[in-house]
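Structure at a glance
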Amino acid sequence: MNGIRFYLGRYGRPLLYLAWFAALTGLLPGGAYEAFLRPEFGVLLGAAVVVLLGFLAVDMGRPPTPPKPIFGETIRVLILALPLAYLSIGRGVALDSGAFENRWTGPAGAAGATAPGEPPPAPAVPEAAAREADLVGLCWNSDAYEGQPVVVEGMLRHEPDVAARYGGNGWLLYRFVISCCAADAQPAAVMLTGAMATNWSNDAWVRATGRFTLRPDEPRPVPILELGALAPMDKPRNPYLY
């Protein structure tokens, strides 16, 4: 037992520092950490790698100490190791409809709004004539795009409640917006109107072209994209917006 206590106390933390070092250095190449964090945090992760090397050097350079209680040392190591288990599970997993269902607060309008019916189909808009936009701009800087043809990328989500309340086809175009990390990500979404094929599925990545409008509602207008064209696309390397 004393041998276990000695080796755990002597090498437990250095091995943990090495595990964290390997995990963080694995996240830095290619911006893999952007699956969890804003791109700007890459500098902090790089600094964390340097700090871990310092911790490792100090810990390995200290003289042997009397064995510590095995229970307390084990608990400390496990607490610091738990995030590593999450990293191994969460790598390559992006937020999708499951998270959307839990985090979306509904259209911008009031719960008592009435459906005005389906607007007339938008005329086809050539993509070359449309303005590149993203869902952050359309949702938080709507006035700058109102009435303009735009092309925007995102995932599809079918919400029957939206169709019941506002009319339309019930489809939304959305992406998650990260303020700090994936834990605080919130979906930015616009309603889609106009004819759509029936073979689309939730979380399909698409490039949508159409006229962006704002439907009057309370307390805020509802952002709408009157579809002119909808085409499938590959999932981007980084699916989040900032």
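Attention in this report is confined to the structure presented alongside it.

About the cut-offs
Residues numbered from 1 in each chain as written. Predicted model: local features only at pLDDT ≥ 70, side-chain atom pairs only at ≥ 80, totals over all residues. Heavy atoms only, no water. Helix = DSSP H or I, 4+ residues; strand = E, 2+ residues; numbered from the N terminus. Buried < 20%, exposed > 50% of the residue type's maximum accessible area, 1.4 Å probe, protein only. Contact = heavy atoms within 4.5 Å. Areas by Shrake-Rupley, 256 points an atom, 1.4 Å probe, with all protein chains shown as cover. Phe/Tyr/Trp six-rings, centres within 6.5 Å; stacked < 30°, edge-to-face > 60°. Patch = residues over 30% accessible without salt bridge, like charges linked within 9 Å, V, L, I, M, F, W, Y side chains within 5 Å. Salt bridge = Lys/Arg side-chain N within 4 Å of Asp/Glu carboxyl O. Expected span 1.5 Å × (residues − 1). Arc of directions from axis to C-beta.

1. What about the overall build of the protein?
Summing up its helical and strand segments, the protein has six helices and six strands in all. Seen in sequence order, the protein has helices and strands lined up from the N terminus as α-α-α-α-β-α-β-α-β-β-β-β. Of all 242 residues assigned to the protein, the portion counted as buried reaches 42%. Long-range contacts, defined as pairs at least 24 residues apart, comprise 71% of the intrachain contacts of the protein with a sequence gap of at least 6. As presented, the protein carries roughly 12,800 Å² of accessible surface, and 64% of it is formed by carbon and sulfur atoms.

2. Observations regarding the packing of aromatic side chains
With the rule as written, the count across this model stands at four aromatic pairs. On the numbers, 5.7 Å between centres and 40° between planes, the contact of Tyr17 with Phe55 is tilted. Placement of Tyr17 in helix 1 (residues 2–27) and of Phe55 in helix 2 (residues 42–61) is noted, with a sequence separation of 38 residues between them. Judged by its relative accessible area of 15%, Tyr17 is buried. Ring geometry for Phe100 versus Tyr174: centroids 4.5 Å apart, planes at 55°, classification tilted. On the criterion of sequence distance, the pair formed by Phe100 in helix 4 (residues 97–103) and Tyr174 in strand 3 (residues 171–177) is long-range, its members being 74 residues apart. Side by side, Phe100 and Tyr174 carry an identical accessibility label, which is buried. The structure contains a cluster of three or more aromatic residues connected by ring pairs, namely Phe100, Trp104, Tyr174 and Phe176.

3. A short note on a nonpolar patch on the surface
A contiguous nonpolar surface patch, about 380 Å² in accessible area, is contributed by Tyr11, Leu15, Leu18 and Met60. With three residues, helix 1 is the single largest residue contributor to the nonpolar patch. Along the chain, the position of Leu15 falls in helix 1. Owing to a relative accessible area of 55%, Leu15 belongs among the exposed residues under this scheme.

4. A look at helix 2
Between the first and last C-alpha of helix 2 there are 29 Å, a value that for 20 residues agrees with the 28 Å anticipated at 1.5 Å per step. Of the residues making up helix 2, those classed as buried are Gly42, Leu45, Val49, Leu52, Leu56 and Asp59. Projection of helix 2 onto a plane perpendicular to its axis shows the buried side chains occupying an angular sector of 100°, all on one side. Among the exposed residues of helix 2, those pointing more than 90 degrees away from its buried face are Val43, Leu44, Val50, Ala57, Val58 and Gly61.

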